[in-house]
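In case you want the letters, here they are:
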Amino acid sequence: MKFNTLTIGALMVVVMASPAFLRAQAPIPIFEAKQQTLGSTVSKVAGRVTVAGQFRNTAYLQDASGGIAVFNTQFRLGVRPGDSVIIENATLTEFQPQSGAPGTGLTQLTGDNLTFTVVPVPRQEPTPRNVAISRLAGSSGEELEAVLVRIRNVSIIQTGTFQGETTYTIRDGLGNDLDLRLDGGTEIATNLLSIPSGTIDVIGVVSQFRGAYQIQPRFSTDIGLPPVERDTVNRNRTLDVTTWNTEWLGADTTRGPRDKNRQIRSIRQVIDSIRADVVALQEVVTSEALSRVADSLSGSWSAILANEVPSDQKMAYIYNNQTIRSISNGLAVVGAGDAWANGRFPFRFTFRTDIAGGQRTISAFNIHGKATDSATRERDYERRVNDFRALANYLNEFYSDTSVILLGDVNDISVGSVVDPNLPSPLLPFIDNPTAWNVVTKPLEERGLATYIGFNRSFLDHVILSQDLSPFIHRTYVEAPTAYLSSYTATVSDHVPVTLRLFADGAFTSVAEKNIASNNINMRLAPSVMSERGTVELTIDQPAHVVVEVVNMLGVVVDVLTNELAPTSATRILPLNATALPQGMYVVRAQVGATTSTLPFAISR
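Residues numbered from 1 in each chain as written. Predicted model: local features only at pLDDT ≥ 70, side-chain atom pairs only at ≥ 80, totals over all residues. Heavy atoms only, no water.

Engineer: Can you lay out the side chain of R344 for me, pointing to particular residues and giving the numbers?
Structural biologist: Mapped onto the fold, R344 is located in the loop between α7 (339-343) and β20 (347-355). Discounting chain neighbours no more than four positions away, the residues touching R344 are V309, S311, Q313, M315, A339, H368, G369, K370 and A371. (Helix = DSSP H or I, 4+ residues; strand = E, 2+ residues; numbered from the N terminus. Contact = heavy atoms within 4.5 Å.)

Engineer: Residues and numbers for the confidence of the model for the protein chain, please.
Structural biologist: Of the residues in the protein chain, 92% have a pLDDT of 70 or more, and the chain-wide mean is 89. Below pLDDT 50 for its whole length, residues 1-17 participates in 21 contacts with residues either more than four positions away or in separate chains. Considering only residues more than four positions removed or in separate chains, one finds that residues 510-519, a stretch of pLDDT under 50, has 26 contacts. (pLDDT = per-residue confidence, 0-100.)

Engineer: Quick rundown of helix α6 (residues 287-296)? Include the residues and the values.
Structural biologist: Within the sequence span of α6, burial applies to A289, L290, V293 and A294. Each buried residue of α6 lies within a common arc of 130° when the element is viewed along its axis, so the set occupies one face. The exposed set on the far side of α6, more than 90 degrees from its buried face, consists of E288 and D295. The inward-facing, buried residues of α6 abut β15 (238-249), α5 (260-274), β16 (278-284), β17 (301-305) and β18 (314-320). (Buried < 20%, exposed > 50% of the residue type's maximum accessible area, 1.4 Å probe, protein only. Arc of directions from axis to C-beta.)

Engineer: If you had to explain the environment of A578 to someone new, which residues and values would you point to?
Structural biologist: With respect to the helices, strands and loops of the structure, A578 is situated in the loop between β33 (570-577) and β34 (584-592). With relative accessibility at 0%, the residue A578 sits in the buried group. Sequence spacing of A578 and R171 is 407 residues, and the spatial spacing of their C-alpha atoms is 39 Å.

Engineer: Describe the sheet that holds strand β26 (residues 498-503), and please don't skip the residues or the numbers.
Structural biologist: Taken in spatial order, the six strands make up an open sheet running β17-β18-β16-β15-β26-β25, and their pairing is mixed. In the strand order of this sheet, the two ends are held by β17 and β25 (473-478), each with one partner. Geometrically, the sheet is characterised by an average inter-axis angle of 15° between neighbouring strands, direction not taken into account. As paired elements, β15 and β26 share six bridges and run antiparallel to each other. Residue pairing in the sheet places D240 in a bridge with R501 of β26. (Pairing = 2+ DSSP bridges. Axes fitted to C-alpha atoms, helices over the stretch in contact; angles between N-to-C directions.)

Engineer: Any details on the pairing of strand β10 (residues 148-156)? Residues and values, ideally.
Structural biologist: Pairing geometry for strand β9 (residues 129-130) and β10, over two bridges, is parallel. Bridged to R129 within β10 is V149. As paired elements, β10 and strand β13 (residues 200-209) share five bridges and run antiparallel to each other. Within β13, the position partnered with R150 by the bridge is I203. Both β10 and strand β11 (residues 166-172) contribute to a ladder of three bridges, which runs antiparallel. Paired with I156 across the bridge in β11 is I170.

Engineer: Describe the packing of aromatic side chains, with residues and values.
Structural biologist: As enumerated under the stated definition, the model contains 14 aromatic pairs in all. On the basis of an interplanar angle of 85° and a centroid distance of 6.2 Å, the ring pair of F55 and Y60 is categorised as edge-to-face. Arranged with centres 5.2 Å apart and planes meeting at 35°, the rings of F349 and F351 form a pair that is tilted. F349 sits in the buried class, given a relative accessible area of 0%. Judged by relative accessible area, which is 1%, F351 ranks as buried. Ring-pair connections join several aromatic residues into one group, and the members of that group are Y317, Y319, F347, F349 and F351. (Phe/Tyr/Trp six-rings, centres within 6.5 Å; stacked < 30°, edge-to-face > 60°.)

Engineer: Hey, could you go over the nonpolar core for me, with residue numbers and the actual values?
Structural biologist: One finds L239, I318, I405, L465 and L502 to be the most contacted residues of the largest nonpolar core, which totals 60 residues. Within the second largest apolar cluster, 27 residues are counted, among which are V149, L180, I200 and I215. (Core = buried A, V, L, I, M, F, W, Y, C linked by side-chain atoms within 4.5 Å.)

Engineer: How would you explain the sheet that holds strand β23 (residues 437-439) if you had to name every residue and give the values?
Structural biologist: Adjacent strands of a sheet form backbone hydrogen bonds with each other and so pair up, either parallel or antiparallel. On the basis of which strands lie adjacent, the open sheet formed by six strands has the order β19-β20-β21-β22-β24-β23 and mixed pairing. The open sheet has two edge strands, β19 (324-331) and β23, and neither has a second partner. Sheet twist, expressed as the average angle between the axes of neighbouring strands with direction ignored, equals 20°. As paired strands, β23 and strand β24 (residues 461-466) are joined by three bridges and run antiparallel to one another. By the bridge assignment for β24, N438 is matched with L465.

Engineer: Please set out the pattern of salt bridges residue by residue, giving values where relevant.
Structural biologist: Summed over all chains, the structure comprises 28 salt bridges. Linking E187 and R230 is a salt bridge whose minimum nitrogen-to-oxygen distance equals 2.9 Å. Highlighted residues: E187 in helix α4 (residues 187-190) and R230 in the loop between β14 (212-216) and β15, separated in sequence by 43 residues. Owing to a relative accessible area of 55%, R230 belongs among the exposed residues under this scheme. When the shortest N-O distance is used, the salt bridge between R501 and D231 registers 2.9 Å. Of the two residues, R501 sits in strand β26 while D231 sits in the loop between β14 and β15, which places them 270 residues apart along the sequence. One network of salt bridges, with partners in common, ties together D231, R235, D240, R475 and R501. (Salt bridge = Lys/Arg side-chain N within 4 Å of Asp/Glu carboxyl O.)

In C-alpha cells:
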C-alpha cells in the first residue's frame, strides 16, 4: 500500500491508494507492459506511433523503454506516424511463436476492449536507433522488438522488383544476414519498386516471427529509394482495362476458395478499388456468380459470359456502362481440334469507348491458355505455341486495321517458358513483330514481378496491344490487392490483376500517322526508324505552353525535348538524340495547351 499526501489550505489529507489505482492514473512503460502475463489486461501505455496504415494489419508504438505492436484496425487506421497516443484496456498477446516456445513470437496489444486517445500535440516520429545486425541475434534482440531502427551499410541480396508479402535478405560488411520482410500494404509493395543495388541504410521496425527477428521497412525512403511519385492522372482521362483470373468463380466448394460468398465480396472490393472501364475475367464458371459481382459494383455495370466455351472455366467481361458501349462479342475459333484447351477459344468483345471526348472502337480478346500438367508438360507447351501462332496469324489477317487489346491468362511467360526457360515463349509471334504488336507486360516480367502467386510464382497474365494504341499508354502495372485483403490466395484467387491505362482524351480519336494535324498542332518526325538522331518539326497556330516528350512503351518519359511558353505561333525544329536510348518502340508526345498529339518511332541499330 502506498500513501499520497495532499495539502489543501492548512489541512493535510492523507490518501491511501493501491498500486492498481496508481497504474490506472498514469501510463506504465511499454517494456514493463510486455513483462505481464500473456492474456492479461494492459491498463494504460503511451508513446509515439511509428507504423500506422502503412502495414496491412499491424501498427507499432514505442516509448523511451521499448516498442510494441498493436493489432487493432481502428487504431491502425485512426492514427498516423508521429502521433502521441494513449492506449487503455488492451489484451497482451503473442503472434506466431514457435510451437511450445512462448516468447518467440511478436508481442502485441489487441482485444475488443482496447481504446485509444490521440493526444493533441504536434506529431514527432521517433528517431530510428542505430543497430547492427549482430545485435538482433538471440535474446539480445528482444529489447529491440517493435522498435524503429536503422541498420547502416547493408546490401539486399536479391535483385529485381519488390513484391509484397515476401521475405528478402540484407547482409552487412561482416557477412551477417537478417530477414527483411515486406508487408503487402507498404508503398514499396503496391508500387512494385525496384530493389536497390549497392550499399544502403535500411530503416524499419523490428518484428519477430517464430523465433527469428526481421526488419520491416515502411516507406520507399526507408530502403534508400526516392519518395514515391503518385499517379495523379485522373481516371476520367484514361481508358483502363484489367485482366484477372478469378480462380473457379462460381464453382462448388471443392474447387478454388471454399467460402464462395467471401470470394465474391472480395472480387467486388477489388474491382471497385481498381475502377477499370473493362475487366476481362478468366475461370468464371457460372453466370449467376458473374452477375452477383457485376450487380454489387458501385455504378452501372454489365457482364458478358462466354457460354459457348465447353469447359467449366469460361472467360467473361465486366464493363462500365458509363464509358463503354458494347458492339458485339463472340469466340475467335482459331487453331486445331485440340486448340485452346479443347475449345476455350479467345473471347472477343468489340466496344466503343467515349472518355473525355476521345472515342475509339476497340476489339479485346480475352484469352486463357492451356495449363501445364506435370505429366504432359512438353505437349501442353506445344499446344500453347500452336495456339498463339494461329491467333497471331488470324489477327494479322482479319484485324490488321483494327485497334486490338489481347489480354488474359497465357499460362506461360514471355521470357522463355514455364516448361523450360531456354524454350521460346509461346508469345513469340507477337514479340517478334514489334511493328504490329506491343507486349506491354514483358518489361514487368523482366523486372521480376509475378501475377501468379500460388505455389510457383511466375508472370502468367499478359496484355498485348496493336501498335496503333501504343502512343496512348499511360502505364501498365500489376495490382496489389494483397495490400488490403488478408489470406488472399486462400480466399480470393491465386492470380493478381494486371491493369493497362491508355490516355483517352484528345488525340485518342485519331490514328497516329506521320503527319498529325489538330486545331493548333502540326507535327512531323523524321526518320520514323532511327539509330542515333532524328528531328521533330512542330508548328502551332497560337500562343500556348508547349511540352514535347519522348515516351517509352511503359509510358515512362525518357526525354523532354522542350517545355516552354511559346508567345507566338511558329514552327520549331527540335533535335531528338537517341544515342542514349535502348532499341525499341517509342512515342513523341506533344502537348500544346489542352491538345495532345503523338507520333510513334523506332530505334534500331
